Amino acid sequence: MKIGFVCYPTFGGSGVVATELGKALAEKGHELHFITYSTPARMGSLKSNLFYHEVRVSDYPLFDYQPYELVLASKMVEVTLAHELDLLHVHYAIPHASAAVLARDILQAQGIQIPVVTTLHGTDITLLGREPAFEPVISHAINRSDAVTAVSESLRRDTLELFGIERAIQVVHNFICTKHFERAADEVFRKSIAPKREPIISHISNFRPVKRVQDVLEIFIRIRKVIPAKLLLVGDGPERSRIEKMAMDQGVGDDVICIGKIKNPVEPLLISDLFLLPSETESFGLAALEALAAGVPVVASDSGGIPEVVDHGNSGFLAPVGDVPQMAKYALQLLQNPEQMATARKMAKARASEFQIQKILPVYEGIYQRLMFALHNETEP
Ligand code: GMT
């Protein structure tokens with residue numbers, strides 16, 4: 001099939017999931033066209049059946065706000081016509097799903113039918129969805145898509161609760177490519193972070209308030225009071241400077257290492273002993289799944305879709321949002337008990353293997369095939 005993929009090209013989970021899915025579909029022989037404003041962070045090298053089309057918004061002086069959504073819709077029309085696409089799969093409700101619905105209507109007026117699959121990722125629903133200004137557009141984009149998927153059962157429930165949704169939403173969990181994690185940890189890197197082989201506790205995020213990075217630091221401080229340890233913070237965002245300053249003020253500045261944004265989290269995860277994700281809300285928690293795939297147990301909040309990923313008491317531990325003392329207790333329990341840690345590491349890998357891309361890819365292909373069948377046989381998808 002020839003598929004147009006629209007996503008945010010950033011390091012954010014939705015962009016990562018879309019890019020890895022697109023690459024895997026291309027590997028299976030489909031023709032993939034990424035349509036977005038810059039090359040997706042995880043794209044890698046282009047292949048003969050993997051294309052990138054840039055959405056370029058010119059800076060027209062009349063506009064205080066440049067209309068990205070409209071340029072994107074026009075680009076989807078252009079790419080669909082030029083490459084005879086069969087289907088558009090858009091990740092994130094706004095502006096991607098709304099632009100795709102518009103593009104499909106424009107094409108329909110020209111006698112061309114193209115189904116739109118929308119995948120909801122979380123912040124488009126749980127954060128933006130609470131913003132009344134967006135509600136009508138998000139509801140319309142979801143209701144008018146030909147198929148809608150959500151990355152967790154929790155997100156599916158939230159979407160149905162928050163919006164006037166009249167259609168089925170299929171849960172398709174996020175996934176990982178386990179082969180990316182099948183390599184040895186970089187011992188030189190580990191030594192540079194923990195010269196005395198102190199346990200490394202890591203956290204990866206975009207440092208937005210929803211991630212509660214302050215809780216990460218507070219959990220670490222509690223651990224550090226009991227045992228030597230290092231905190232490895234990966235990513236960047238609005239909370240980073242505040243957290244770095246707080247670490248200095250609390251006297252743990254030397255034990256907190258912030259390495260900023262990196263393309264691939266595999267290396268920091270492979271040298272980690274424990275991963276923390278105490279988010280306020282998390283539709284899925286891709287970073288937690290990546291940690292499990294690296295054999296790193298997770299201590300996290302029990303919010304949103306995290307319990308669908310981390311099975312409490314096996315591959316990690318969950319506690320209510322903001323319960324720093326309990327999360328620190330769980331972390332210490334694992335770090336001070338080598339046998340329990342070894343079991344949790346094994347269970348982490350086993351849990352992650354349930355989310356292998358090989359299991360998820362056919363589900364998306366099934367959705368595409370169902371829509372194509374309905375289109376050619378003029379039946380309800
Ligand atoms: O976590 C973020 O802030 C980024 C955001 C995104 O849209 O890229 O992540 C969301 O989508 C990811 C991929 O489906 C999920 O794993 C994250 O849980 C979800 N983030 C939130 O719900 C806060």
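Reading the values: the criteria
Residues numbered from 1 in each chain as written. Predicted model: local features only at pLDDT ≥ 70, side-chain atom pairs only at ≥ 80, totals over all residues. Heavy atoms only, no water. Core = buried A, V, L, I, M, F, W, Y, C linked by side-chain atoms within 4.5 Å. Buried < 20%, exposed > 50% of the residue type's maximum accessible area, 1.4 Å probe, protein only. Domains from an automatic or database assignment. Contact = heavy atoms within 4.5 Å. Helix = DSSP H or I, 4+ residues; strand = E, 2+ residues; numbered from the N terminus. Pairing = 2+ DSSP bridges. Right-handed = clockwise from strand over helix to strand, strands pointing away. 1 Å grid on protein atoms, 1.4 Å probe; cavity = no way out; pocket = protein on both sides within 12 Å on 5 of 7 lines; lining within 4 Å. Points joined across faces, edges and corners; volume = space filled by probe spheres on them. Nonpolar A, V, L, I, M, F, W, Y, C, P; charged D, E, K, R; others polar. Near = heavy atom within 4 Å. Polar contact = N/O pair within 3.5 Å; in protein donor to acceptor, adjacent residues only side chain to side chain. Areas by Shrake-Rupley, 256 points an atom, 1.4 Å probe, with all protein chains shown as cover. Phe/Tyr/Trp six-rings, centres within 6.5 Å; stacked < 30°, edge-to-face > 60°. Buried area = accessible area lost by both parts, 1.4 Å probe. Salt bridge = Lys/Arg side-chain N within 4 Å of Asp/Glu carboxyl O.

1. Observations concerning the nonpolar core
Right, so step 1: Formed by 75 residues in total, the largest nonpolar core has its most connected members in Phe 5, Phe 275 and Tyr 368.
Right, so step 2: Taken together, domain 1 (2-175 + 357-379) and domain 2 (178-353) each give at least three residues to this core, which thus spans both.
Right, so step 3: When neighbours within four sequence positions are excluded, Phe 275 is seen to be in contact with Ser 202, His 203, Ile 204, Leu 269, Ala 287, Ala 288, Ala 291, Val 296, Pro 297, Val 298 and Val 299.

2. A closer look at the side chain of Ser 14
Right, so step 1: Within the element layout of this structure, Ser 14 appears in helix H1 (residues 13-27).
Right, so step 2: According to the relative accessible area criterion, Ser 14 is buried, its value standing at 12%.
Right, so step 3: When neighbours within four sequence positions are excluded, Ser 14 is seen to be in contact with Tyr 92 and His 121.

3. What to know about the pairing of strand E9 (residues 230-234)
Right, so step 1: Taking burial as the measure, the five residues of E9 include five buried ones, the bulk of the element.
Right, so step 2: Across five bridges, the pairing between strand E8 (residues 200-204) and E9 is parallel. Along E9, the bridge assignment pairs Ser 202 with Leu 232.
Right, so step 3: Each parallel crossover has a hand, and for E8 linked through helix H8 (residues 213-226) to E9 it is right-handed.
Right, so step 4: Across four bridges, E9 lies against strand E10 (residues 256-260) in parallel orientation. Looking across to E10, one finds that Leu 231 is bridged to Val 256.
Right, so step 5: Read as a crossover between parallel neighbours, the route from E9 over helix H9 (residues 240-249) to E10 is right-handed.

4. Notes on the layout of surface pockets
Right, so step 1: The calculated volume of the largest pocket comes to roughly 960 Å³.
Right, so step 2: Within the residue set of the lining of the largest pocket, elements represented by two or more residues are H1, helix H4 (123-126) and helix H11 (286-293).
Right, so step 3: Across the lining of the largest pocket, the residue classes tally to 17 nonpolar, 17 polar and eight charged.
Right, so step 4: Lining the lining of the largest pocket are residues from two domains, each supplying at least three of them: domain 1 (2-175 + 357-379) and domain 2 (178-353).

5. Quick look at the site of the ligand
Right, so step 1: Taken together, 17 residues surround the ligand, and among them Ser 14, His 121, Arg 208, Lys 211 and Glu 282 come closest.
Right, so step 2: Here an oxygen atom of the ligand and a backbone polar atom of Gly 13 are 3.0 Å apart.
Right, so step 3: One of the side-chain N or O atoms of Asn 174 is found 2.8 Å from an oxygen atom in the ligand.
Right, so step 4: Burial of the ligand by the surrounding chains reaches 94%, relative to a free accessible area of 480 Å².

6. Some remarks on the packing of aromatic side chains
Right, so step 1: Under the counting rule described, the total for this entry stands at six aromatic pairs.
Right, so step 2: Centre to centre, the rings of Tyr 37 and Tyr 68 are 5.8 Å apart; their planes meet at 80°, and the pair counts as edge-to-face. On the criterion of sequence distance, the pair formed by Tyr 37 in the loop between strand E2 (31-36) and strand E3 (50-54) and Tyr 68 in helix H2 (residues 68-83) is long-range, its members being 31 residues apart.
Right, so step 3: Looking at Tyr 68, the relative accessible area reads 18%, which means it is buried.
Right, so step 4: Ring centres of Tyr 60 and Phe 63 lie 5.4 Å apart, and the angle between their planes is 65°; on these two criteria the pair is classed as edge-to-face.

7. Points about empty space enclosed by the protein
Right, so step 1: Applying the stated criterion across every chain yields a total of one cavity of 30 Å³ or more.
Right, so step 2: Computed from the structure, the largest cavity encloses a volume of approximately 100 Å³.
Right, so step 3: Considering the residues around the largest cavity, the lining is formed by 13 residues, among which Glu 20, Arg 42, Ile 176, Cys 177 and Glu 290 are closest to the centre.
Right, so step 4: Elements supplying a minimum of two residues to the lining of the largest cavity: H1 and H11.
Right, so step 5: Element by element, the count of residues in the lining of the largest cavity is highest for H1, at three residues.

8. A look at the domain arrangement of the protein chain
Interfaces are often described in size by the accessible area the parts lose on coming together.
Right, so step 1: By domain assignment, the protein chain separates into domain 1 (2-175 + 357-379) and domain 2 (178-353).
Right, so step 2: Taken together, the contacts link 22 residues of domain 1 with 18 residues of domain 2.
Right, so step 3: When the buried area of domain 1 at its contact with domain 2 is split by residue, Phe 11, Arg 42 and Asn 174 rank highest and sum to 33% of it.
Right, so step 4: Our count for the contact surface shared by domain 1 and domain 2 stands at one salt bridge.
Right, so step 5: The interface formed by domain 1 and domain 2 holds eight residue pairs in polar contact (both at pLDDT 80 or more) in total.
Right, so step 6: Secondary-structure elements contributing two or more residues to the side of domain 1 that touches domain 2 are H1, H4 and helix H6 (153-162).

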